[in-house]
Amino acid sequence: MTKKIVVFVAVVSLIFYYSQVGNVTGSYAKQRGAGTGSQEKDYIIGTKNVKPLADFEKRYGDSGEINGYDQGKMKENEMLAVRMTDEEAEELKEDSDVLFVEENQYVEGSTSQGNAYHEKKVKRHKKNESATEWNVRMIKANGKKSKGKKKKEKVKVAVLDSGVDYGNDIELAATITLIPGEEEMSPLFMDGSGHGNGVAGLIAAKDNDEGITGINPDVELYSIRILDNENRAPVSRVIEGIYMAMEQGVNIINMSFGMNTYSAALEKAVQDAADAGILIVAAAGNTGKAGVQYPAAYNEVMAVGSVDKMGDVAPDSATGPEVEIVAPGELVRTTGTFGDQLVTSGTSFAAPQVSAVASLIWQQDLNMSADFIRWAINEGANSYGETEAYGNGLIDAEYILTEYQELKDGYESGETEAHKKNESEIIAFEDTGCVEGNWTKKVHEGMVASDYPNVKAGARFPDYTDYTGSKDTYGNYRYAKISNNPWWHGSYQQSNNYVAAYIYATNMANAIGQGKMPHDAAVPSGFTHATDMLWDVNEIGNTVGWNHKYVLNQKEPTAARRRAFVWGMAIHTLSDTFAHSAYVHDGSGWHHLAHNDGKGYDVADNPDKYKHRKINAEAAVKKSIAVYNNKYAGGTYKEFSTVIGQSEYRLRDISSYIKAVAGSAAAQPYVAYSYSPSTSTK
């Protein structure tokens, strides 16, 4: 199967700083209404040039499916996402400037709920006794990482998915979210579903004896969050992510999602990426004999199917002539949430292993083309099954890297048919050591680690900009901005003791977990904003609703899940302290790291500025998770101790805040790391 190659990696401008940019709806669109006689839907318009787009946007209004970090790449490439009726769409198709009008369909994460092939040879293991994960051994990618000095230039791999969390054992070059309402989402809690962490972990989890090790931790990984918390995204958001990646000069992109319906708009974006020399890798889908999904089905994309521990194609792995390569995808262990591990299945998790092996090959010589990388993967695959199920065969990193020079010489000379075929043994396992959870409901809810997704949901909640809550007793909308609720953002504003705020939030979480009411929680000594925080937590149950999509997302609001969520909110204020209460000295004076101060210090949420803040925040979150796992132990000031030892920044009034809750002796080690506007010296 020869398809034109593309590796798609997305590089994005790093954004830890946040600005609220609303979606714009044209005045003409506002005048349209129920009188149109048909319900409005999201559509994508493709035109011959950019000229008519402004008029179309004014006439129909933006779809609102991409948030304020939209860089307008669709428009630059003669496409626009709008709201219109079916009748308007049919009428617009007759416009001479229009190439296509199609409904803005949704892609979904591909997670499981032809060469002549030779006879399969198997080297069977009863159990995987190795520290290397079974799937990495099967594709023979263990020990294939960079040796000696690291190269200055790295292969750039972009993951278009549900996001990847900073501080979760994966080094990120950049991260961004395109989900509406998430303009201010903390990069520490970017992945809303866990899907993106799992995909990225297989590619690049650190080699540090924690969790799994990715196939190539030495890549430069970029994360673009396009899938929402239910692993869904409209095509328009996928397209915007593709063009954002292209602008950065990427090498590879991984797309572990798909849809059953063809899209001309998505195909155009994929073709443009291919023409830019990008290698695009996508999950074939978990659709079995129903066929390969898009975008994997486009000619420019490597469609990846899934095999099990014996090297046999998985029952639900998509089959069809578009399947190009297969990789392990059944019961694969990967990176979870808050340092946890995840065992999962689906072509979603086969695709990133192909992206990772592609990066291993490409880093041998970055001057080689995406077309060569794709050809080498297919040429070196172990082909032992029917092409409609296995494509060119099982990817084999060892074979390709061992034969690399010969493959390269053959490709450059045009003698691509002379190379010997890979007929090596398949490394198979009767027992991989990986099993998915099979607990009864009672046992499952008793395991604290199972509630990590709900802790994550709580940690994300304070950063949603499209949910403001109702007005509190002061007339302020909650959950809208830091100045209205500094106790959830680690801020000193309104004379908020952020240490006490964190402790009180964990106490409320534990009270809820024990079947009590939030107001039964102990209040730290002298804390004046307990009433405000109590109001906020009660607001979730009374107004927001525990089943809200930003809270437990229609899950049964058990005591354990509600505890997890509120503890997550506590973690948010703990980690945000290192962003919103930090001060740095420039030789002449102390400066608060703000969002927009106009003085060059508006980098509060940029993790690449004063990097020890990010490192310390990540470590603080891990400390809090450890306390959380010690069921019903409350948070303490000690989770802030990660600030000790660094010399890059100070935290405002941290010593006095700790003194208020724990006494002078406890506060003493923090004096050197505390900034006070009235008494500070450098």
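You'll find the structure just up there.
So, here's what we can say about the structure. Everything numeric here is computed off the predicted structure, so don't read it as measured data. Every residue gets a number counted from 1 within its own chain, in the order that chain's sequence is written. Selection of residues for local features in this predicted model requires a pLDDT of at least 70, selection of side-chain atom pairs for listing and counting requires 80 or more, and totals for whole chains, interfaces and linings are taken over all residues. The side-chain values count all of the structure's non-hydrogen atoms but skip hydrogen atoms and water molecules.

**Points about helix 17 (residues 530-544)**
Here's step 1: Only DSSP runs of H or I reaching four residues or more are called helices, and only runs of E reaching two or more are called strands; each is numbered from the N terminus. An expected span of 1.5 Å times one less than the residue number is assigned to each helix. Over its 15 residues, helix 17 extends 20 Å from the first C-alpha to the last, a length consistent with the 21 Å expected when each residue adds 1.5 Å.
Here's step 2: The set of residues buried in helix 17 consists of Ala530, Asp532, Met533, Leu534, Asp536, Val537, Glu539, Ile540 and Val544.
Here's step 3: Where the residues of helix 17 are buried, they touch helix 16 (498-513) and helix 18 (559-580).
Here's step 4: Where helix 17 terminates, the next one or two residues include Gly545, which has phi positive at roughly 100°. When a residue's accessible area, from a 1.4 Å probe over protein chains only, is under 20% of the maximum for its type it is buried; when over 50% it is exposed; and in between it is partly exposed. The contact criterion used throughout is that any non-hydrogen atoms of two residues lie within 4.5 Å.

**Points about the sheet that holds strand 2 (residues 79-84)**
Here's step 1: The rule for pairing is simple: two strands pair if DSSP sees at least two bridges between them. With antiparallel pairing, the three strands of this open sheet are ordered in space as 2-1-3. Of all the strands in the sheet, the pair left with one neighbour each is strand 2 and strand 3 (98-103). Strand-to-strand twist across the sheet, computed as the mean angle between neighbouring axes with direction ignored, equals 25°.
Here's step 2: Relative to strand 3, strand 1 (residues 41-47) is paired through five bridges, and the arrangement is antiparallel. Simply put, an axis is a line fit to the C-alpha atoms, just over the touching stretch for a helix, and the angle between two N-to-C directions goes from 0 to 180 degrees.

**Observations concerning the sheet that holds strand 20 (residues 650-652)**
Here's step 1: Taken together, four strands build an open sheet; the order of strands is 19-18-20-21 and the sheet is mixed. Two strands in the sheet have a free side with no partner beyond their single neighbour: strand 19 (590-592) and strand 21 (674-675).
Here's step 2: Here three bridges tie strand 18 (residues 582-585) to strand 19, and the two strands are oriented antiparallel to one another. Bridge pairing in strand 19 places His585 opposite Trp590.
Here's step 3: Together, strand 18, strand 19 and strand 20 form the strand contacts of helix 18, whose direction differs from that of strand 18 by roughly 25°.

**With respect to the packing of aromatic side chains**
Here's step 1: For Phe, Tyr and Trp, rings pair up if their centres lie within 6.5 Å, where Trp contributes its six-membered ring, and each pair is then called stacked (planes under 30 degrees apart), edge-to-face (over 60) or tilted (otherwise). Evaluation of the coordinates by the stated rule reveals 25 aromatic pairs.
Here's step 2: Arranged with centres 6.5 Å apart and planes meeting at 40°, the rings of Phe56 and Tyr60 form a pair that is tilted. Of this pair, Phe56 and Tyr60 are both found in helix 2 (residues 53-60), four residues apart, which corresponds to roughly one turn of the helix. Each member of the pair, Phe56 together with Tyr60, is buried.

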